[in-house]
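Inside the fold
Now for the letters of each chain:
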Amino acid sequence: QDDTFKQVIAHAKEYGYIFSSSEIYDGLSAVYDYGQNGAELKKNIKEYWWKSMVQLHQNIVGLDAAILMHPTTWKASGHVDAFNDPLIDNKDSKKRYRADVLVEDHAEKINQKAQKEIAKARKRFGDKFDEEEFITTNPRVIRYKKEEKEILERLAKSLTEENLADVKALIEELGIACPESGSKNWTDVKQFNLMFGTKLGASADSATDLYLRPETAQGIFVNFANVQKTGRMKIPFGIAQIGKAFRNEIVARQFIFRQREFEQMEMQFFVRPGEELKWFEHWKETRQNWHASLGLGEENYRFHDHEKMAHYANAATDIEFNFPFGFKELEGIHSRTDFDLKAHEKHSGKKLQFFDPEMNKNYVPYVIETSIGLDRMFLAVFSSSLKDEELEDGSSRTVLKLPAILAPYKAAIFPLVKKDGLPEIAQQIVEDLQWDFNITYDEKDAVGRRYRRQDAAGTPFCITIDHETKEDNQVTIRHRDTMEQKRVPISELKNIIAKEVDF
Ligand code: ATP
């Protein structure tokens, strides 16, 4: 597992997807830069989300609110008082950890033991293996699953200000050791606010304290009335936004999974009070279908319904993904009640209500939120697409089987040799196709090596121009996943590519 994760990180760097931030100065921890291919993949994920959420829903519109917001926003939202992580220090190593993450990792290890048993049994029974039955009857698996569940439930109960001592007790009871030193000598658990502060204005005396937004959602809430009125929106309707958020995360690890600067793709859906749970189910299903449409493998997803909710929610679920380090939260779907709009009404003195003509009355709408981390989605797509394959001739290849619609380059164009007019024909094809698709050109090395390079970079098609092209206007098109090669007329290239990469 560790090796797979290391391979993912190394591959992301080698192929221009992700670099550490300001690397020439040895980087900045938990901050990353997206390289030439990473920027394209990220843009394509955003577009795929935006099209399915905004373009395909007549009652959802977009928004691009500023990162800096009036400081009262964060008082109203509860972030000043309650946006904390429980931290614990190891007295011997002097290292600091998130107490809840230590416990979650411990629970994940137990889950891994159960997974190992399941994998062993699958190997043993082959086609006859009934996973469902095995999980519910095998005593070891039952015990591991129960143990995992009990730990997570107890953790959820103890993650409030009053019960923090119980998190420490849990860590001690489970015998969790400091991952770095192995020591079990822990301090008490303390709360730490995650917001980044900054100042507005030039002189220190007149400056106002501001925060970099820790979530994009509040930009939507404070603009509720603006968008509703100017867009003449009728309930139910949604506002969607993609943008940066900042959190001063203490556990800086797991690559782009947990960063200090990251992007969120959030949608707040405003509904009639009392109808929120129906819409919660609706968005759970809609978001699940969105993930399924990308084909990253159903087995890589699971829902984790929350028994214990944040103060503002009356239903919540996480869509978890099987990252190289185990199942972790990728997206959150929350029924946020009227908590946020009411809080902003109270702090601003402005009405944030909707007049419902059918009910003939004003009310503060209830809200269903879908919130997905763009960077986490990037990691989910990238890590699950990276494969080492054994080929029939005994050789092997590394291939990045990105969904074609998300791939940075849709096709690579190769002249077989760098002479006899072949580069000129290849360049002409680039010029024709680049209006519709992001295209790359490569004339260096043998064609086989060029194929391998594009496989590893995730390009779905390679198109080779040879001497016969001059006679018959046909080229060889090779498919990344099947490696199948076909001869096709140049005039058909656009359709062939479009069929696979269009929305
Ligand atoms: P976690 O428990 O993993 O810290 P969270 O429950 O605090 O996440 P939310 O506040 O619900 O996360 O944020 C919504 C989404 O934003 C998450 O599902 C995740 O995809 C993304 N996200 C949150 N924090 C980070 C981060 N530090 N780096 C990258 N993505 C993040």
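Remember, it's a predicted structure, so these values are computed and weren't measured experimentally.

1. Digging into the overall build of the protein
Scanning the protein from terminus to terminus reveals 17 helices and 23 strands. What you see for the protein is a C-alpha radius of gyration of 26 Å, in line with the 23 Å of a compact globule of 503 residues. When the backbone C-alpha atoms are referred to their principal axes, the protein occupies close to 80 × 60 × 55 Å. When the 503 residues of the protein are sorted by exposure, 32% land in the buried category. The contacts in the protein between residues at least 6 apart in sequence include a share of 65% that link residues at least 24 apart.

2. Notes on the domain arrangement of the protein
What the domain assignment reports for the protein is domain 1 (1-78 + 194-386), domain 2 (84-192) and domain 3 (409-501). Relative to domain 3, the C-alpha centre of domain 1 lies at a distance of 38 Å. Taken residue by residue, the interface counts 4 residues in domain 1 and 4 residues in domain 3. Among the residues forming the side of domain 1 that touches domain 3, the class breakdown is 1 nonpolar, 2 polar and 1 charged.

3. Comments concerning the sheet that holds strand β5 (residues 96-98)
With antiparallel pairing, 3 strands are arranged side by side in an open sheet as β5-β4-β6. Strands at the two margins of the open sheet, each flanked by one partner only, are β5 and β6 (190-193). Recorded for the sheet is a direction-independent mean angle of 45° between the axes of neighbouring strands. Here strand β4 (residues 84-89) pairs with β5 via 3 bridges, running antiparallel.

4. Some words on the packing of helix α5 (residues 99-125) against helix α7 (residues 139-158)
For the pair α5 and α7, the least separation of the axes is 9 Å and the interaxial angle reads 165°. Our classification of the angle between α5 and α7 gives roughly antiparallel. In the packing of α5 onto α7, the handedness of the crossing is left-handed. Contact residues: α5 offers Asp100, Val103, His106, Ala107, Ile110, Asn111, Lys113, Ala114, Glu117 and Ile118, while α7 offers Arg140, Val141, Tyr144, Lys145, Glu147, Glu148, Ile151, Leu152 and Leu155. Each residue belonging to the contact of α5 with α7 can be placed in one class, and the counts come to 10 nonpolar, 2 polar and 7 charged.

5. Examining the sheet that holds strand β23 (residues 485-489)
One open sheet accounts for 5 strands, arranged β20-β19-β21-β22-β23; its pairing is mixed. Looking at strand neighbours, the two that pair on one side only are β20 (439-441) and β23, the edges of this open sheet. On average, each strand axis in the sheet is inclined to that of its neighbour by 25°, with strand direction left out of account. Of the pairings in the sheet, the one linking strand β22 (residues 474-479) to β23 comprises 5 bridges and is antiparallel in character. Bridging from a neighbouring strand, Thr476 pairs with Arg487 of β23. Lying over the sheet, helix α14 (residues 422-433) contacts β19 (411-415), β20 and β21 (461-465), oriented at roughly 160° with respect to β19.

6. What about the nonpolar core?
Ranked by internal contacts, the top residues of the largest apolar core, which has 54 residues, are Phe378, Val381 and Ile463. Ranked by residues supplied to this core, first place goes to helix α13 (residues 374-385) with 7 residues. Not counting chain neighbours up to four residues away, the residues in contact with Phe378 comprise Leu41, Lys42, Ile45 and Ile256. Grouped together as the second largest cluster of nonpolar side chains are 24 residues, Met53, Phe221, Phe269 and Tyr366 included.

7. Here's the deal with the site of the ligand
If you check the shell around the ligand, you find 16 residues, and the closest are Phe262, Gly332, Ser371, Gly373 and Arg376. Of all elements in the fold, only β10 (261-271), β13 (326-337), β16 (366-373) and α13 reach the threshold of two or more residues within the shell around the ligand. A per-element tally of the shell around the ligand places β13 first, with 4 residues. Taken together, the residues of the shell around the ligand sort by class into 3 nonpolar, 5 polar and 8 charged.

8. With respect to the UniProt feature "coiled-coil region" (unreviewed entry) in the protein
The residues that UniProt annotates with the feature "coiled-coil region" (unreviewed entry) are residues 104-162. Secondary structure over residues 104-162 splits into 83% helix and 0% strand, and the C-alpha atoms at its two ends are 20 Å apart.

9. A look at unusual backbone geometry
In this model, Ile235 is joined to Pro236 through a cis peptide bond whose omega is 5°. Counting through the fold element by element, Pro236 comes out in the loop between α10 (224-230) and β9 (237-246). Despite not being glycine, Asn473 shows a phi value in the positive range, around 55°. Considering the arrangement of structural elements, one finds Asn473 in the loop between α16 (469-472) and β22. Since 11 C-beta atoms lie within 10 Å of it, Asn473 is described here as exposed.

10. Focus: the environment of Lys95
Locating Lys95 in the fold gives a position in the loop between β4 and β5. Among residues more than four places away in sequence, those in contact with Lys95 are Asn90, Cys178 and Glu180.

11. Considering the confidence of the model for the protein
When pLDDT is averaged along the protein, the result is 94; 99% of the residues meet or exceed 70. Both confidence scores are given for the complex: pTM 0.88, ipTM 0.97.

12. Overview of the packing of α5 against helix α8 (residues 164-173)
Interaxial distance between α5 and α8 falls to 10 Å at its minimum, and their mutual angle equals 35°. Both α5 and α8 take part in a crossing whose hand is left-handed. Residues Ala99, Asp100, Leu102 and Val103 of α5 form the contact with α8, whose participating residues are Val167, Leu170 and Ile171. By residue class, the composition of the contact of α5 with α8 is 6 nonpolar, no polar and 1 charged.

13. Observations regarding α5
A rise of 1.5 Å per residue sets the reference length of α5, with its 27 residues, at 39 Å; its end C-alpha atoms lie 40 Å apart and thus fit the reference within 8%. Against the buried residues of α5 lie β4, β5, α7 and α8. With its phi angle positive at about 60°, Gly126 sits one or two positions after the end of α5.

14. Details of helix α12 (residues 339-348)
Working note: α-helix, 3.6 residues per turn, so residues spaced by three or four point in the same direction. Looking at α12, one finds that the buried residues are Phe339, Asp340, Leu341 and His344. On its buried side, α12 packs onto α3 (72-76), α9 (217-222), α10, β13 and β16. Phi for Gly349, located one or two positions after α12, is positive at around 75°.

The rules we used
- Residues numbered from 1 in each chain as written.
- Predicted model: local features only at pLDDT ≥ 70, side-chain atom pairs only at ≥ 80, totals over all residues.
- Helix = DSSP H or I, 4+ residues; strand = E, 2+ residues; numbered from the N terminus.
- Rg over C-alpha atoms; globule rule 2.2 N^0.38 Å.
- Buried ≥ 20, exposed ≤ 12 C-beta atoms within 10 Å, placed from the backbone.
- Contact = placed C-beta atoms within 7 Å.
- Domains from an automatic or database assignment.
- Nonpolar A, V, L, I, M, F, W, Y, C, P; charged D, E, K, R; others polar.
- Pairing = 2+ DSSP bridges.
- Axes fitted to C-alpha atoms, helices over the stretch in contact; angles between N-to-C directions.
- Parallel < 35°, antiparallel > 145°, perpendicular 65-115°, else oblique.
- Left-handed = near helix turned anticlockwise from the far one by under 90°.
- Core = buried A, V, L, I, M, F, W, Y, C linked by C-beta atoms within 7 Å.
- Near = placed C-beta within 6 Å.
- UniProt positions renumbered as here; feature names shortened; annotations may be inferred.
- pLDDT = per-residue confidence, 0-100.
- Expected span 1.5 Å × (residues − 1).

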